[in-house]
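Secondary and tertiary structure notes
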Amino acid sequence: MSLPTPTLHTERLRLRPFAVRDSEALYALQSNATVLRYWDSPPWTDPARTEQFLANCHKIEEEGSGARLVIERVSDTAFLGWCALSRWNPDFRSASLGYVLNEEAWGHGYATEATSAVLGWAFETLDLNRVQAEADTRNAASARVLEKLGFVLEGTLREDCVVDGDVSDSWVYGLLRREWQATSGPTTGASPSLG
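If you're wondering where the values come from, they're calculated on a predicted model, not measured in any experiment. Residues take numbers from 1 onward in each chain, read along the sequence in its written order. pLDDT decides what is reported in this predicted model: residues at 70 or higher carry local features, side-chain atom pairs at 80 or more are listed and counted, and totals for whole chains, interfaces and linings draw on all residues regardless. Excluding hydrogens and water, the side-chain values take into account all heavy atoms of the structure.

**Quick notes on helix 4 (residues 140–148)**
Counted only if it meets this: Relative accessibility thresholds used throughout: buried, under 20% of the residue-type maximum; exposed, over 50%; partly exposed, between the two (1.4 Å probe, protein chains only). Here a helix means four or more residues in a row that DSSP labels H or I, a strand means two or more in a row labelled E, and each is numbered from the N terminus. Working definition: the arc comes from the directions between the helix axis and the C-beta atoms, pointing outward to the latter. Working rule for contacts: check all heavy atoms of both residues, and any pair within 4.5 Å makes them a contact.
Looking only at helix 4, the buried set comprises Ser-142, Ala-143, Val-145 and Leu-146. Viewed along the axis of helix 4, the buried residues span an arc of 155°, placing them on a single side of the element. In the core, the buried residues of helix 4 are packed alongside strand 5 (94–101), helix 3 (110–125), strand 6 (130–136) and strand 8 (166–176).

Here it is in structure tokens:
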């Protein structure tokens, strides 16, 4: 079952499906060791990874297992990063949330704004009951984003990631539909379009 990737609009951002024109900015983001220092895989060193990533975006959409969206600033269409809803399971009514933004976008509230729009779309469109997110325990900024969105820290996965020999722990966060509705309400301020 296909899951069309939406286009979402917030006050400052547009979230949209990936396109070939994003290749250069995507590679710059995913090859940046500072940006990916808490990521669960090493920075890219081969530009061919970009093509694989874009092909996988289409595969995820075709399979209906999730959506990856570019985060771009409305004022200048700058590529700020991307966010994703993955591992959508309609039987369990659950999915996972992930995001990565370039350094210039840090500290401006873009991660919270973008992921809030994705969550609003997901809860309203996919009838989700639960969304899970994981963050490296050293990544306090990402933990703050999740907590602002209403996620609850549920536990720690000990030594669950090994990237280039560096072993790290991850926090597991969960957000239930009723918690989302209590804090954000059914309307997100984002307007989805499937065009």
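**Regarding the pattern of salt bridges**
Keep this limit in mind: One side-chain nitrogen of Lys or Arg within 4 Å of one carboxyl oxygen of Asp or Glu is enough to make a salt bridge.
Scanning the entire structure with this criterion turns up 10 salt bridges. Among the salt bridges present, the one from Arg-12 reaches Glu-113, with a minimum N-O distance of 2.7 Å. Highlighted residues: Arg-12 in the loop between strand 1 (7–9) and strand 2 (13–17) and Glu-113 in helix 3, separated in sequence by 101 residues. Residue Arg-12 is classed as partly exposed on the basis of its relative accessible area of 30%. Among the residues examined, Glu-113 registers a relative accessible area of 17% and is labelled buried.

**Thoughts on the pairing of strand 6**
Stated formally: Only strands that DSSP links by at least two bridges are regarded as paired with each other. Every crossover in which the path from the first strand over the helix to the second runs clockwise, viewed with the strands pointing away from the viewer, is termed right-handed.
The pairing of strand 5 with strand 6 spans 3 bridges and is classified as parallel. Paired with Ala-95 across the two strands is Val-131, which belongs to strand 6. Taken together, strand 5, helix 3 and strand 6 constitute a β-α-β crossover, and its handedness is right-handed. Strand direction decides the pairing type here: strand 6 and strand 8, joined by 7 bridges, are antiparallel. Paired with Ala-135 across the two strands is Trp-171, which belongs to strand 8.

**Some details on the pairing of strand 7 (residues 152–163)**
Examined bridge by bridge, strand 7 and strand 8 share 8 bridges and lie antiparallel to one another. For Val-162, the partnering residue across the bridge sits in strand 8 and is Val-167. Between strand 7 and strand 8, which pair antiparallel in sequence order, lie 2 residues; one of them, Asp-164, sits at a positive phi of approximately 50°.

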